[in-house]
Amino acid sequence: QVQLVESGGGAVQAGGSLRLSCVVSGGTLSRFTMGWFRQVPGNEREFVVAVSWNGIRALSADSVKGRFTISRDNAKNTVYLQMNNLKPEDTAVYYCAARWPDSSGLELQRQYAYWGQGTEVTVSS
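Residues numbered from 1 in each chain as written. Predicted model: local features only at pLDDT ≥ 70, side-chain atom pairs only at ≥ 80, totals over all residues. Heavy atoms only, no water.

## Regarding the overall build of the protein chain
Here's step 1: Broken down by element type, the protein chain carries 0 helices and 11 strands.
Here's step 2: Order of helices (α) and strands (β) in the protein chain, N terminus to C terminus: β-β-β-β-β-β-β-β-β-β-β.
Here's step 3: Against the globule reference of 14 Å for 125 residues, the protein chain gives a C-alpha radius of gyration of 13 Å, in line with a compact fold.
Here's step 4: Projected onto its principal axes, the C-alpha positions of the protein chain cover 40 × 25 × 25 Å.
Here's step 5: The buried share of the protein chain, taken over its 125 residues, is 42%.
Here's step 6: Taking contacts inside the protein chain between residues at least 6 apart in sequence as the whole, the part at least 24 apart equals 60%.
Here's step 7: Carbon and sulfur atoms form 47% of the exposed surface of the protein chain, whose accessible area is close to 6300 Å².
Here's step 8: Between the mean site of the 12 positive side-chain charges and the mean site of the 10 negative ones, the protein chain shows a separation of 7 Å. (Helix = DSSP H or I, 4+ residues; strand = E, 2+ residues; numbered from the N terminus. Rg over C-alpha atoms; globule rule 2.2 N^0.38 Å. Buried < 20%, exposed > 50% of the residue type's maximum accessible area, 1.4 Å probe, protein only. Contact = heavy atoms within 4.5 Å. Areas by Shrake-Rupley, 256 points an atom, 1.4 Å probe, with all protein chains shown as cover. Lys, Arg positive; Asp, Glu negative; His and termini not counted. Charge placed at Lys NZ, Arg CZ, Asp CG, Glu CD.)

## Here we look at the state of the cysteines
Here's step 1: Per the stated rule, a full pass over the model turns up 1 disulfide.
Here's step 2: Note that Cys 22 is cross-linked by a disulfide to Cys 96, the S-S spacing being 2.1 Å. Handedness of the Cys 22-Cys 96 disulfide follows from its S-S torsion of about -75 degrees: it is left-handed. Of this pair, Cys 22 sits in strand β3 (residues 18–25) while Cys 96 is found in strand β9 (residues 92–99), placing the two residues 74 residues apart along the sequence.
Here's step 3: The class for Cys 22 is buried, based on a relative accessible area of 0%. (Disulfide = S-S within 2.5 Å.)

## Considerations on the packing of aromatic side chains
Here's step 1: As enumerated under the stated definition, the model contains 7 aromatic pairs in all.
Here's step 2: Between the aromatic rings of Phe 37 and Phe 47, the centroid separation amounts to 5.6 Å while the plane-to-plane angle is 70 degrees, which identifies the pairing as edge-to-face. Of the two residues, Phe 37 sits in strand β4 (residues 33–39) while Phe 47 sits in strand β5 (residues 46–51), which places them 10 residues apart along the sequence. The residues Phe 37 and Phe 47 share a single accessibility class, namely buried.
Here's step 3: The residue whose ring lies beneath Arg 19 is Tyr 80, and the NZ or CZ to ring-centre distance is 4.2 Å.
Here's step 4: A cation sits over an aromatic face here: Arg 45 above Tyr 95, 5.5 Å from the ring centre. (Phe/Tyr/Trp six-rings, centres within 6.5 Å; stacked < 30°, edge-to-face > 60°. Lys NZ or Arg CZ within 6 Å of the ring centre and 35° of its normal.)

## Some details on the sheet that holds β3
Here's step 1: Here 4 strands make up an open sheet; going across it, the order is β1-β3-β8-β7 and the pairing antiparallel. Looking at the sheet topology across the chains shown, the edges are occupied by β1 (3–7) and β7 (68–73). When strand polarity is set aside, the average angle formed by the axes of neighbouring strands in this sheet is 20 degrees.
Here's step 2: For β1 and β3, the ladder comprises 5 bridges, and the chain directions are antiparallel. Bridging from a neighbouring strand, Ser 7 pairs with Ser 21 of β3. (Pairing = 2+ DSSP bridges. Axes fitted to C-alpha atoms, helices over the stretch in contact; angles between N-to-C directions.)

The following block contains the structure:
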């Protein structure tokens, strides 16, 4: 059974950086398209960034472009989310997600079959 475990969340001041990690077990990371999503309590979960299984396709939400970067280390079965120049509005629970390759939009949550439990990020002003 595929499982995803996130780590690296925490509290940081505005302008700071954090790197989230997501370890994939029960499956081979290189076969999955990977994404990061986030959710503020009371709001719907929203897309942040994703990269296709072969690295050819990548997509970032407008709100994080130029600040957040997704990367993957297939040898370690780990995906990372590097977050720079954090803003208070980035405060949320961040979720890692995995999907089998297809041609549909990378931002489509319904396409992701596996989800982590989330890690909390708090950015203070």
